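Results of the structural survey
Here are the chains, one letter per residue:
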Amino acid sequence: MQRYFVPEAQMDERSVTLEGDDARHAAAVMRAKPGDRFVACNGIGRDVVARIASVDKHKVQADIIEELAVSAEMSWKVDVAQSLPKGDKLETVIQKGTEAGAAAFLPFLSRRTVVQYDERKEAKRIDRWRKIAKEAAEQSHRSVVPRIEAVNSWKVLLQKFAEYDLVLLCYEEEGRSGIGLKDALTAFRREREPGNPASPSVLVVVGPEGGFAPEEAEAAIAAGARTIGLGRRILRTETAALYALACLAYESGELGGDNDA
């Protein structure tokens, strides 16, 4: 069934209303008609099956006929902080990272960021990033649309580290020395309170095309991050976060086994 994310104001206990682009998509692209069904999600964990009562290109009215159990989210809450890369690479990170299960994206500026940041264009770009996240969440049958934050400074990002159980800074110097993601996760498991049933919150921090300056890595460690390598190869900035998300999905037990922290 087609999946739509619907603002809470358009979804109550008994009915769902599609408006705007979603209504046009249902009417013109899907050729929806009364009696057809779709899945509606409120973006924060409620999924329902709705049956269409009426259709036009501006509004689709539907009745809720079933509440669905939510099961498509990662057991760990993993956010991605990505230094602004060149071109449309951040769009790729958001699209593919949403499919891979990221809970939020925190774009930021660091010392070696080469893209020219224009604050006047920020709102328009964030709207586009949020649309990409919504569409990717629908395509991958997620129940939650990842949060997209405004662009942070490096200083502000460091202050956010305290909000997470684990912060992983992807740093190529650690890859050369053999200190990898697996080592950091092993240490993290060992240090966690035994029997702690809570799913950990994790922040993966990825630098720009030129990587992090040594001073930035030192500041991140001082703020509580663990610096890690992602294998023996140098990954592009738009690849690193996706690689880390896949590894964390495996480690969390999402791909089978009993790896839950």
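The coordinates are above.
Here we summarise the structure given alongside this text. (Residues numbered from 1 in each chain as written. Predicted model: local features only at pLDDT ≥ 70, side-chain atom pairs only at ≥ 80, totals over all residues. Heavy atoms only, no water.)

**Quick word on unusual backbone geometry**
Despite not being glycine, Arg31 has its phi angle at roughly 55°, a positive value. One can find Arg31 in the loop between helix 1 (20-29) and strand 3 (37-41). For Arg31, a relative accessible area of 66% gives the class exposed. In this model, His141 sits at a positive phi of 60°, which is unusual for a non-glycine residue. Looking at the element boundaries, His141 is found in the loop between helix 3 (122-139) and strand 8 (147-148). Under the relative-accessibility criterion, His141 is labelled partly exposed at 42%. (Helix = DSSP H or I, 4+ residues; strand = E, 2+ residues; numbered from the N terminus. Buried < 20%, exposed > 50% of the residue type's maximum accessible area, 1.4 Å probe, protein only.)

**What about the environment of Tyr117?**
You can see Tyr117 is positioned in the loop between strand 7 (104-109) and helix 3. For Tyr117, a relative accessible area of 28% puts it in the partly exposed group. The spacing of Tyr117 and Val151 is 34 residues in sequence and 9.3 Å in space, taken between C-alpha atoms. In this structure Tyr117 touches Leu84, Leu109, Glu122, Arg125 and Val151, once residues within four positions along its chain are discounted. (Contact = heavy atoms within 4.5 Å.)

**Here we look at the packing of aromatic side chains**
Tallied over the entire structure, the rule returns four aromatic pairs. Each ring, one from Phe108 and one from Phe212, has its centre 6.3 Å from the other, and the planes form 5°; the classification is stacked. With a gap of 104 residues between them, Phe108 in strand 7 and Phe212 in the loop between strand 11 (201-206) and helix 7 (214-222) connect regions that are remote in the sequence. Residue classification places Phe108 among the buried positions, given a relative accessible area of 0%. (Phe/Tyr/Trp six-rings, centres within 6.5 Å; stacked < 30°, edge-to-face > 60°.)

**Thoughts on the environment of Trp129**
Within the fold, Trp129 resides in helix 3. The spatial distance from the C-alpha of Trp129 to the C-alpha of Ile94 is 7.1 Å, given a sequence separation of 35 residues. Ignoring anything within four residues of it in the chain, the contact list for Trp129 reads Leu84, Leu90, Glu91, Ile94, Pro107, Ile148 and Val151.

**Things to note about the sheet that holds strand 4 (residues 47-55)**
Taken together, five strands build an open sheet; the order of strands is 1-3-4-5-2 and the sheet is mixed. Unpaired on one side and paired on the other, strand 1 (3-5) and strand 2 (15-19) mark the two borders of the sheet. For this sheet, the mean angle separating the axes of adjacent strands, direction not counted, is 40°. Bridge count for strand 2 against strand 5 (residues 59-68) is five bridges, and the pairing is antiparallel. (Pairing = 2+ DSSP bridges. Axes fitted to C-alpha atoms, helices over the stretch in contact; angles between N-to-C directions.)

**Here we look at the state of the cysteines**
Taken as a whole and judged by the stated rule, the model has zero disulfides. Here Cys247 stays free of any disulfide, with the sulfur of Cys170 as its closest cysteine sulfur at 9.6 Å. Look at Cys247 and you get partly exposed, because its relative accessible area is 27%. (Disulfide = S-S within 2.5 Å.)

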